[in-house]
Structures are given as C-alpha cells and as structure tokens.
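Chain residues, written in single-letter form:
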Amino acid sequence: MPLSGQPACAACGLRLTGPDAVRLWQVDQRLAWLTGERDQLRSERALLLARLAHDGPPPQGEISRRSTQDLLLVLGGVTLALAAAVFAAVTYASLGVLGQVLGMGALTALAVAAAPVAA
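Residues numbered from 1 in each chain as written. Predicted model: local features only at pLDDT ≥ 70, side-chain atom pairs only at ≥ 80, totals over all residues. Heavy atoms only, no water.

**Details of the layout of surface pockets**
Stated formally: A pocket here means an open set of points on a 1 Å grid, computed over the protein atoms alone, that has protein on both sides within 12 Å along at least five of seven lines. A cavity is instead a set of points where a 1.4 Å probe fits but cannot get out; residues with an atom within 4 Å of a point line either one. Grid points are joined across faces, edges and corners, and a volume is the space filled by probe spheres set on the points. The way it works is that DSSP assigns letters per residue, a run of H or I at least four long becomes a helix, a run of E at least two long becomes a strand, and they are numbered from the N terminus. The residue classification treats Ala, Val, Leu, Ile, Met, Phe, Trp, Tyr, Cys and Pro as nonpolar and Asp, Glu, Lys and Arg as charged. All others, Gly included, are polar.
Taken as a whole, the largest pocket spans an internal volume of roughly 240 Å³. If you tally residues by element for the lining of the largest pocket, the top one is helix H3 (residues 96–118), at five residues. For the lining of the largest pocket, the per-class residue count stands at six nonpolar, three polar and no charged.

Put into structure tokens, the structure is as follows:
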C-alpha cells in the first residue's frame, strides 16, 4: 500500500511501498512523537527548576530560626535544672537538719505554686 498514493517519492525517488516503507513511516512517526515529548519534558523541567530556585518551600529537615532559639532555650533550662538537682543532692547531706527542713519546705512551696500553672 503506498503511503502517499505514489509508488515513489517525487523529490528523491525513494520507494514508498512495501513493509520497509511502512516500517520507516512508523519509525518516523514515533521519532516525531518522542521529539515532542522530549520538548514538553524539557519545558516542564525548566519550570520546576525555576520554581524550586525562587519560591519553593524549604527542604524537609530544616527548622526556622525561632524554632532553633526555642529549642536552645529549653535545652538550657533542662541543663540548669539538672545542675541544680545535682548540686542539691551533693550538698543536702552537709546542710544539717535545719538546712534540710528549709530545703524541703522551699521545694514543697515551689510545687504548690506550680500546681495551678501546670493544671
């Protein structure tokens, strides 16, 4: 079956009939489709790169400056509380009975004052 209605190309004389001519036409059609697909993908790639470079969200795993400050503040508070507990445990025995009573009273008062805030 001729592809253009002619048995041969008028310009170059290429035979346009037979299974090889049909296959050549199929290959050319597929190449044209792939070229269009490649061009479309390249355009989409350029658009995605532009979005990521200019206004994309920050990459996962990064935290804001404010979150970093809050984290450091909490860690500093925990470290300070731990140091105070170690200091109290080490010096508790050397305080004597009156010092121990005053220390326990202060901790009890602190717990009573913190209860409404915690609730």
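Now that the structure is up, let's keep going.
**Points about the state of the cysteines**
Simply put, disulfide is the name for a covalent bond between the sulfur atoms of two cysteines. Heads up, the rule is: Disulfide: a pair of cysteine sulfur atoms within 2.5 Å of each other. Note on exposure labels: buried denotes an accessible area under 20% of the residue type's maximum, exposed denotes more than 50%, and partly exposed covers the range between, all computed with a 1.4 Å probe on protein chains only.
If you walk through the whole model with that rule in mind, you get zero disulfides. Free cysteine: cysteine 9, not disulfide-bonded; nearest cysteine sulfur from cysteine 12 at 3.6 Å. Relative accessible area serves as the criterion here: at 26%, cysteine 9 is assigned to the partly exposed category.

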